[in-house]
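Notes for the structure review
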Amino acid sequence: MSGRRPRGAGIRGPHSALTDFLAANNISAQEIRDSYQQRVRQAEQEAAQTDDNGEGPSNGGAEVEEDLQAESSTMAAERTRKRKRDQDEAIAKIKKGKAAKKVQKKKQKKNSSDDDSDFEDVMDMYKKAKPLPGQLENCELCNKRFTVTPYSKAGPEGGLLCTPCGKEMVKDTKAEAKANKPVVRRGRRKMESNRLDGMTDCGPKTLQQLCIEKLAQHSEDIDELGEMPEGIMNRISEIFSKKRAMNSTTMKLFLQPDMDRVAIHEAAYLETEDYDQIFAICPNVKRLSLRNCCQFKDSNIDYMNEKARALEEIQLLGANLVSNDKWAELFIARGKDLKAFKVEWLDAAFDDEAVEALTTFCPNLERLKLERCKQIGPDSIDAIARLQHLKHLTLRFHDPITREKLTHLIRSIGTNLETLCLEHFLDNTSDPTDDVLATIHTTCTRLSKFRFTENNECTDAGYVNLFSHWSNPPLRYIDINSTRDLDNTNPDGPQESPIGLASAGFLALMTHSGPSLEFLDISSCRHISHETFTLVFDGVKQYPHLVEINLSFCPVVDTHVVAGIFRSCPLVKKVVTFGCFRVEDVRVPQGIVLIGAPRAQDLIEQFGEGSLDL
Amino acid sequence: MTGSKTTEYVTLVSNDGYEFKLLRSAACLAGTIKKALDPTSGFIETTQNRVDLPTINGVVLEKVCEYLYYNQKHAESRDVSDMDIPPELCLELLIAADYLDV
């Protein structure tokens, strides 16, 4: 500091640019002058000495001088460095002192009434005051000097750590916490549940699946879903419904003004006002699907008729608070625009007159599904028979329907049908005949999905007749489950002419539709023989599109048959064998899931591992 | 077509300029990247071994890369524990996953 006047003294002489530059680079004019004078003095002394010795100036003297000069310059540099360090430390000390004083003052203020505050202050003096952000400190671990920030971590001894050391420590503590966490074992129940859900693949879930599951966990925290592809939107809606997270708040996530499809798969928690919201936000909705919409009332129908004028497809499950008149009003309002109408689980209203209104005012219906509606009966069948544009028809009636009505229906509209699902159609007025199947055989030529279940009226011969020389192209989807004789005293059924789909019928079915069949459900078709199964799935015949097959409660199915299915169906993903007690120890190929094999307890993990050559 | 040889590593570039170099095998688990890098497709990506993803930002892409390696590592194993996804990234990641087909 020798050369420079202490700052803050107030008096400063004129400054040249050079002085400023030198000062900035820690070069002091005073020092240079000092060393020069020193050199001059030394030279004079030496000169005096040599004069004394009587010798002339020698080279040696010059050398010494040079050495000295060099020495002094290095010393000067070192000094400046040291000075800077000293200065910094001094500043740090002052700051530290101030900070400590502040803390002490605070403490004093706090504890001014306490007697032992002095003692505490004394104790505090022995503690090292922690540096404040912005100050410098030596790292406790690596001893490096660093600037303290509010994020600096405390070391094991209580001191502060520099950033790299702090990061290292955080990492260590995190790893430790991870190691201490108990390993979450997914229980067998969860595994079985997943398997029933059809999660067959053994690898990790897709990233989309992971994200959607995470979203469902945090359903309450989402403000907005934003622009999402419709498929993903629907997927999220499904999983929200499954987790019962679909309520008034979360429902709004799925409503966007430009949407033409609204699907809420579980609307049980929604209130009457929420349904109005749907039509207020999405007036352009074309396809509406609300399942379990218990609170959907007459007023909602009114609002829907007023707002949603583009509606073409309506699906309402369990809308029991809508009265008959309102149903009729809905059909009048939608009129010829209505393309699809699906209702299920209605028992308070929706009677034959409502169906009459539907068929009268909405002649362009292409898709109709009426299931488990208690108020409708045979008259509705006649009304439906007038819908000439129907392509997809699904019916499940509560009351018995006579065979004449049913055959009349099929004869009237069967030619255009692509989907025909008749569940649980029983006629207890006359003896069983195969009329229905015969009518289907002659009338329907465009079917791709056929479901004819839960009846014991048609014989095996009827099925043989249906599937032999049928001008209908091979079907994609066949469900003939639970067609069998129901006589407890004779569980095997009549041997001569079996009732329900039996060996010959199954053979005819697979011969007709095998080439393009994707889904087959023949559960509880108890009269199909083992020979037929081995003949159909012999490992040589190929069913190239079959993905899912349900053989539950076909008691003859055994390991051999299941293995035959694996070999005959290259694309098969899911095989269901509930109640097939002869299925044991199957080696399931990779990518296939076998569900419900009751005897395979020790091999409960039925995910495929082995290769196809069994 | 000088650089048309397939390299072991490919580069994914986010819209904010972050570059992620990862194994080609892992990157190709994503359908979109696989198609972009398919040598028979003739896309420019095949010659540069570099895929620009202008709709995905760096943070999300990092997570995607993490998932790709996670998927590759666990491809054969069963009962894989789910990868942790920060909830705040979920929506963006979902859109990215849909785009990349993973």
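Just so it is clear, the structure is predicted and the values come from calculations on it, not from any experiment. (Residues numbered from 1 in each chain as written. Chains lettered and ligands numbered in written order. Predicted model: local features only at pLDDT ≥ 70, side-chain atom pairs only at ≥ 80, totals over all residues. Heavy atoms only, no water.)

A word on the overall build of chain A
Here is the rule we go by: Numbering of helices and strands runs from the N terminus, with a helix taken as a DSSP run of H or I at least four residues long and a strand as a DSSP run of E at least two residues long. In this scheme, a residue with accessible area under 20% of its type's maximum is buried, one over 50% is exposed, and one in between is partly exposed, where area comes from a 1.4 Å probe on protein chains only. The contact criterion used is simple: two residues touch if any of their non-hydrogen atoms lie within 4.5 Å. Areas reported here follow the Shrake-Rupley algorithm with a probe of radius 1.4 Å; residue values treat only the protein chains shown as occluding.
A count of helices and strands for chain A gives 20 helices and 15 strands. In chain A, which comprises 614 residues, the proportion classed as buried is 42%. Of all intrachain contacts in chain A linking residues separated by at least 6 positions in sequence, the fraction that spans at least 24 positions is 66%. Carbon and sulfur atoms provide 51% of the accessible area of chain A, an area that totals close to 33800 Å².

Some remarks on the overall build of chain B
Looking only at helices and strands, chain B features 5 helices and 3 strands. Order of helices (α) and strands (β) in chain B, N terminus to C terminus: β-β-α-α-α-β-α-α. The buried share among the 102 residues of chain B stands at 42%. Working note: accessible area of chain B is about 5500 Å², and carbon and sulfur atoms make up 53% of it.

Some words on unusual backbone geometry
All names here are of chain A. Phi is positive for Asn143, close to 65 degrees, though the residue is something other than glycine. Residue position: Asn143 is located in the loop between strand S1 (136-138) and strand S2 (145-147). Residue classification places Asn143 among the exposed positions, given a relative accessible area of 57%. Residue Phe350 is not a glycine yet carries a positive backbone phi of 60 degrees. With respect to the secondary-structure elements, Phe350 resides in the loop between strand S6 (340-346) and helix H13 (352-361). When its relative accessible area of 0% is taken as the criterion, Phe350 is described as buried.

Topic: the UniProt feature "domain: DNA repair protein rhp7 treble clef" (unreviewed entry) in chain A
What counts here: UniProt positions are given in the numbering used here, feature names are shortened, and annotations may be inferred rather than shown by experiment.
Under the local residue numbering, the UniProt record ascribes the feature "domain: DNA repair protein rhp7 treble clef" (unreviewed entry) to residues 133-169 of chain A. Between the first and last C-alpha atoms of residues 133-169 of chain A the distance is 20 Å; the span itself is 19% helix and 16% strand.

Structural notes on the interface of chain A and chain B
Condition: Summed over both partners, buried area is the accessible surface (1.4 Å probe) that two parts give up on being assembled. Throughout this description, the term salt bridge denotes a Lys or Arg side-chain nitrogen within 4 Å of a carboxyl oxygen of Asp or Glu.
Every contact between the two is made by 28 residues of chain A and, on the other side, 25 residues of chain B. Of the roughly 2200 Å² buried between chain A and chain B, counting both surfaces, carbon and sulfur atoms make up 66%. The largest share of the area that chain A buries against chain B comes from A:Pro204, A:Leu207 and A:Leu210, three residues that together contribute 28% of it. Summed over the shared surface of chain A and chain B, the result is 2 salt bridges. As a salt-bridge pair, B:Asp84 and A:Lys214 come within 3.6 Å of each other at their nearest N and O atoms.

A few points about the nonpolar core
Generally speaking, soluble globular proteins have nonpolar side chains that are buried together. Note the cut-off: For this analysis, a nonpolar core means a set of buried residues of the types Ala, Val, Leu, Ile, Met, Phe, Trp, Tyr and Cys, connected via side-chain atoms within 4.5 Å.
Counting residues in each nonpolar core, the largest one holds 158 residues, and the members touching the most others are A:Trp327, A:Phe341 and A:Phe350. Counting residues per element, this core draws most heavily on helix H4 (residues 58-73) of chain B, at 7 residues. If you look at the next biggest cluster of nonpolar residues, it comprises 7 residues, including A:Phe146, A:Leu161, A:Cys162 and A:Cys165.

Description of helix H5 (residues 90-100) of chain B
Basically, it comes down to this: As used here, the arc is the angular range of directions from the helix axis to the C-beta atoms.
What H5(B) keeps buried is the set B:Cys90, B:Leu93, B:Leu94, B:Ala96, B:Ala97 and B:Leu100. Angular distribution of buried residues about the axis of H5(B) spans 165 degrees; they occupy a single face of the element.

Section: the environment of A:Thr459
Residue placement: A:Thr459 occurs in the loop between strand S10 (449-453) and helix H17 (460-467). Discounting residues that sit within four places of it in the chain, A:Thr459 has contacts with A:Asp434, A:Pro498, A:Ile499 and A:Gly500.

Observations regarding the packing of H17(A) against helix H18 (residues 503-513) of chain A
Residue and element names in this part refer to chain A. The condition that has to hold: Every angle, taken between N-to-C directions, lies between 0 and 180 degrees, and every axis is a line fitted to C-alpha atoms, over only the stretch in contact when it is a helix. Should an angle lie under 35 degrees it is considered roughly parallel, over 145 roughly antiparallel, and from 65 to 115 roughly perpendicular; all remaining angles are considered oblique. A crossing counts as left-handed when the near helix is turned anticlockwise from the far one by less than a right angle, and as right-handed when that turn is clockwise. Polarity classes work like this: nonpolar for Ala, Val, Leu, Ile, Met, Phe, Trp, Tyr, Cys and Pro, charged for Asp, Glu, Lys and Arg, and polar for all others, with Gly in that last group.
Axis separation between H17 and H18 bottoms out at 8 Å; the angle between their running directions is 15 degrees. With respect to H18, the element H17 is oriented roughly parallel. By crossing handedness, the relation of H17 to H18 is classed as left-handed. Contacts between H17 and H18 involve Asp460, Tyr463, Val464 and Phe467 on the former and, on the latter, Ser503, Ala504, Gly505, Ala508, Leu509, His512 and Ser513. Here the contact of H17 with H18 is composed, by residue class, of 6 nonpolar, 4 polar and 1 charged.

Things to note about the pattern of salt bridges
All names here are of chain A. Tallying each qualifying case throughout the model produces 23 salt bridges over all chains. Here Glu213 makes a salt bridge to Lys205, at a shortest N to O gap of 3.1 Å. Using a relative accessible area of 15% as the deciding quantity, one classes Glu213 as buried. A salt bridge links Asp302 to Lys326, with the shortest nitrogen-to-oxygen separation between them at 2.7 Å. One end of the pair, Asp302, is in helix H11 (residues 298-307); the other, Lys326, is in helix H12 (residues 324-334), with 24 residues separating them in the sequence. Exposure remark for Asp302: the relative accessible area of 33% places this residue in the partly exposed category.

Focus: a negative patch on the surface
Threshold: In this analysis, a patch consists of residues with relative accessible area above 30% that form no salt bridge, clustered at 9 Å for like charges and at 5 Å for the nonpolar side chains Val, Leu, Ile, Met, Phe, Trp and Tyr. His is not counted, nor are the chain ends, whereas Lys and Arg count as positive and Asp and Glu as negative. Here the site of a charge means atom NZ of a Lys, CZ of an Arg, CG of an Asp or CD of a Glu.
A cluster of acidic residues, A:Glu220, A:Asp221, A:Asp223 and A:Glu224, forms a negative patch at the surface. As for its placement among the helices and strands, A:Glu220 is situated in the loop between helix H7 (207-217) and helix H8 (230-242).

What to know about the sheet that holds strand S1 (residues 9-13) of chain B
For sheets, the rule is that strands pair by backbone hydrogen bonds, running either parallel or antiparallel. All names here are of chain B. Threshold: Two strands pair under a simple rule: DSSP has to find at least two bridges between them.
Taken in spatial order, the 3 strands make up an open sheet running S2-S1-S3, and their pairing is mixed. With one partner strand each, in any of the chains shown, strand S2 (19-23) and strand S3 (50-52) form the two edges of the open sheet. The sheet shows a mean angle of 25 degrees between the axes of neighbouring strands, direction not considered. Direction of pairing for S1 relative to S2: antiparallel, over a ladder of 5 bridges. Bridge pairing in S2 links Tyr9 to Leu23.

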